[in-house]
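# Geometric and topological summary
Here's the letter readout for the chains.
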Amino acid sequence: MSNLAAPPDVLRWTPRYEFEHGDCAVSALAIAGGVTYELALTAALKVAPDVLVNGMDWPEIYRAARILDLNPRIVRKGKYTLDDASGILSIDQPHVEDSGHVVYLWEGRIIEPMASRR
């Protein structure tokens, strides 16, 4: 588990587009940056044009965060406590193939946007 530490100045609720899309990182970036989903998606598309199909890996999340001026840093497992940390958190699901998923962690609280039905 890794944590991209970037506590937000503003916590804005961001619905995900659809759970079938790989946009969990886009939603987490929007929350971390206090920006709209659309602005986070624009940054994500610059580094991962297929983000809605394949999601994003850590280097892509990091680069998108830099585009959003978040000044991110990656904190490895064991270097933070879940109760106090804030940032984008990767969730590992053992025994599930291609289970990469990220959420926003806010001082021990998991912020998991729900899919919106448009």
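It should be noted that the structure appears before, not after, this text.
Looking now at the pattern of salt bridges. Under the definition given, this model contains one salt bridge. Close ionic contact of arginine 109 with glutamate 107 constitutes a salt bridge, the shortest N to O distance being 4.0 Å. In this structure arginine 109 comes out as partly exposed when scored by relative accessible area, which is 43%.

Let us look at the packing of aromatic side chains. Taken as a whole, this structure holds zero aromatic pairs when the rule is applied. Sitting over the ring of tryptophan 106, arginine 109 keeps its end group 5.1 Å from the ring centre.

Right, let's get into the packing of helix α1 (residues 24-33) against helix α2 (residues 37-47). For the pair α1 and α2, the least separation of the axes is 8 Å and the interaxial angle reads 120°. Viewed along their axes, α1 and α2 adopt a mutual orientation that is oblique. The crossing of α1 and α2 is right-handed. Here Val26, Ser27, Leu29 and Ala30 of α1 lie close against α2, whose contacting residues are Tyr37, Ala40, Leu41 and Ala44. Of the residues that constitute the contact of α1 with α2, the class distribution is seven nonpolar, one polar and no charged.

All right, on to the layout of surface pockets then. Each pocket or cavity is described by its volume, and for the largest pocket that value is around 250 Å³. What lines the largest pocket is a set of 17 residues, and nearest its centre among them are Cys24, Gly55, Met56, Gly100 and His101. Secondary-structure elements contributing two or more residues to the lining of the largest pocket are α1, α3 (51-54), α4 (58-67), β3 (86-91) and β4 (101-106). With three residues, α4 is the single largest residue contributor to the lining of the largest pocket. In terms of residue class, the lining of the largest pocket is made up of eight nonpolar, six polar and three charged.

Counting buried positions over the six residues of β4 gives five, a clear majority of the element. In this structure, β3 lies alongside β4, joined through six bridges in antiparallel fashion. Within β4, the position partnered with serine 86 by the bridge is tryptophan 106. Relative to strand β5 (residues 109-111), β4 runs antiparallel, the two sharing three bridges. Residue pairing in the sheet places tryptophan 106 in a bridge with arginine 109 of β5. The turn joining β4 and β5, which pair antiparallel and follow one another in sequence, is formed by two residues; a positive phi near 45° is taken by glutamate 107.

Procedures and definitions
Residues numbered from 1 in each chain as written. Predicted model: local features only at pLDDT ≥ 70, side-chain atom pairs only at ≥ 80, totals over all residues. Heavy atoms only, no water. Salt bridge = Lys/Arg side-chain N within 4 Å of Asp/Glu carboxyl O. Buried < 20%, exposed > 50% of the residue type's maximum accessible area, 1.4 Å probe, protein only. Phe/Tyr/Trp six-rings, centres within 6.5 Å; stacked < 30°, edge-to-face > 60°. Lys NZ or Arg CZ within 6 Å of the ring centre and 35° of its normal. Axes fitted to C-alpha atoms, helices over the stretch in contact; angles between N-to-C directions. Helix = DSSP H or I, 4+ residues; strand = E, 2+ residues; numbered from the N terminus. Parallel < 35°, antiparallel > 145°, perpendicular 65-115°, else oblique. Left-handed = near helix turned anticlockwise from the far one by under 90°. Contact = heavy atoms within 4.5 Å. Nonpolar A, V, L, I, M, F, W, Y, C, P; charged D, E, K, R; others polar. 1 Å grid on protein atoms, 1.4 Å probe; cavity = no way out; pocket = protein on both sides within 12 Å on 5 of 7 lines; lining within 4 Å. Points joined across faces, edges and corners; volume = space filled by probe spheres on them. Pairing = 2+ DSSP bridges.

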